[in-house]
Amino acid sequence: MSADLGPSWAATAAAVDRAAANFLDTVSDRLPGLLPGRDHTVVFAALGRLAGGVDDTAGRAAALAVLARAHRGVGLLPQHADLLGDALLAAVARENRAHWTAALATGWERGLRRAVTAVRRAAARVGDGPAWWRAEVVAHDRAADGVAVLTVRPRRPLPYRPGQAVPVCAPSRPGAWRWYSPANAPRPDGTMELHVRAVAAGTVSGALVDDGVRPGEPLLLGPPCGISLLLDPSPWHDLLLVAGGTGLAPLRALVEQLAAAPDGRRVTLVAGARTPAGLYDRATLAELEAAHEWLTVVPAYSHDPAAGPAEQGDALTVALRHHTGDQEVHLCGPPPMVAGARLRLLAAGVPADRIHLPDTFDR
């Protein structure tokens, strides 16, 4: 039976600065200069969580996107990855020396082998570029119960396309990365909006919404990923955008992209929430609709008996009432909504090549 590595990683993360310093000392003794200054803590924490198996699939994929870029960025060779694994194992053992067992050692060795193999494979697929961008929170607004809108400014330009997602890490959750999509098209000042719903205490989303991430505080942003929600540059079809909850973010970015360069497409954006109080971005959506005659915004309320008949139902149910035979459908929302969307859209007669759902990042 394999050992549960979660508690030993939690003990290590509780002293992450000390543990990362020990990690760097071990690496530097054997190969000075391998890790650039300040990078060792980010690499240590992400690799530790990955090896410890403490994240879900999406969290592991977000960490892999960062580590794969770091692997390419510092020119790691196979023996370098082994060195990092050995150094990490020594640091974890030191932080858990009172409870260290042969079973834990074996479990961590296996976890590190899996993690290093995954990073190598991912590095072969990703392009070159920074592994992460240091950013500053410039605004934090509680937009609704359990939802925050953060405006962040990277210290150097972070190129992304509307519809993509970026891994985000909060300092209070070292090594934990989660995907969030910018809710705006790229701006001249480089700022981006992140729409975050708090899932649970102790998570990245909880840290971003509830745990005091305020203006002036730092965040780390990883490399942009995903192509499934990107707009087709050829405007052959009108658009039906279907958003559930904070899945609105990448779809609003698509609207802003078209607002900057209208191409004749008409756009219907269905924004779903349980009740009107949960439709957290109503003011911005109203401004966009008022400014652009080609845009129609339709609210959808799944748990509001007072809503009008045209607004009652989950986002996809309401959206299908507005579907015409000549639309591309882009949909983003909570995992259960996305999981069942393709079959519902196909059953409604939407051709498979006109259905665009978010990348799962499960690779």
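Above this text is the structure in question.
Residues numbered from 1 in each chain as written. Predicted model: local features only at pLDDT ≥ 70, side-chain atom pairs only at ≥ 80, totals over all residues. Heavy atoms only, no water.

**Regarding the sheet that holds strand β11 (residues 355–356)**
Strands pair in a sheet through their backbones, by hydrogen bonds, and they do so in one of two ways: parallel or antiparallel. Rules: If DSSP finds at least two bridges between two strands, the strands pair. Helix and strand definitions here come from DSSP, where helices need a minimum of 4 consecutive H or I residues and strands a minimum of 2 consecutive E residues; each element is numbered from the N-terminal end. Contacts between residues were defined by any pair of non-hydrogen atoms, one from each residue, lying within 4.5 Å. Only the stretch in contact is used when fitting a helix axis, every axis being a line fitted to C-alpha atoms; angles between N-to-C directions are given from 0 to 180 degrees.
The strand order across the open sheet formed by five strands is β9-β8-β7-β10-β11, and the pairing between neighbours is parallel. Every interior strand has two partners, whereas the edge strands, β9 (295–301) and β11, have only one. Bridge count for strand β10 (residues 327–332) against β11 is two bridges, and the pairing is parallel. In the strand pairing of β11, Val 329 is matched with Ile 355. Across the sheet, helix α8 (residues 248–260) lies against β7 (238–244), β8 (267–273), β9 and β10, angled at about 150° from β7, the strand it touches most. Here helix α11 (residues 335–347) sits on the sheet in contact with β7, β10 and β11, set at roughly 160° to β10.

**Brief notes about the sheet that holds strand β1 (residues 133–144)**
Taken together, six strands build an open sheet; the order of strands is β4-β3-β6-β1-β2-β5 and the sheet is antiparallel. One side of each edge strand has no neighbouring strand; the edge strands of this open sheet are β4 (178–180) and β5 (192–197). Across the sheet, the mean angle from the axis of one strand to that of its neighbour is 45°, orientation sign disregarded. Looking at chain direction, strand β2 (residues 147–154) and β5 are connected through six bridges and run antiparallel. In the sheet register, Val 152 faces β5, and the bridge partner there is Met 192. Packed onto the sheet, helix α4 (residues 57–73) meets β1, β3 (166–169) and β4 and runs at close to 90° relative to β4.

**A closer look at the side chain of His 40**
Checked against the element boundaries, His 40 lands in helix α3 (residues 39–52). Apart from residues lying up to four places away in sequence, His 40 is in contact with Ala 20, Ala 21, Phe 23, Leu 24 and Leu 35.

**Points about the pattern of salt bridges**
A side chain with one charge may pair with a side chain of the opposite charge, provided their charged atoms come close. The line we're drawing: Whenever Lys or Arg places a side-chain nitrogen within 4 Å of a carboxyl oxygen from Asp or Glu, that contact is recorded as a salt bridge. Buried, partly exposed and exposed residues are distinguished by accessible area as a fraction of the type maximum, computed with a 1.4 Å probe on protein chains only: under 20%, between the cut-offs, and over 50%, respectively.
One pass over the structure, following the stated rule, counts 13 salt bridges. A salt bridge links Arg 72 to Asp 128; the nearest nitrogen and oxygen atoms lie 2.8 Å apart. With a gap of 56 residues between them, Arg 72 in helix α4 and Asp 128 in the loop between α6 (102–125) and β1 connect regions that are remote in the sequence. According to the relative accessible area criterion, Arg 72 is partly exposed, its value standing at 34%.

Don't take any of this as a statement about function, it's just geometry.
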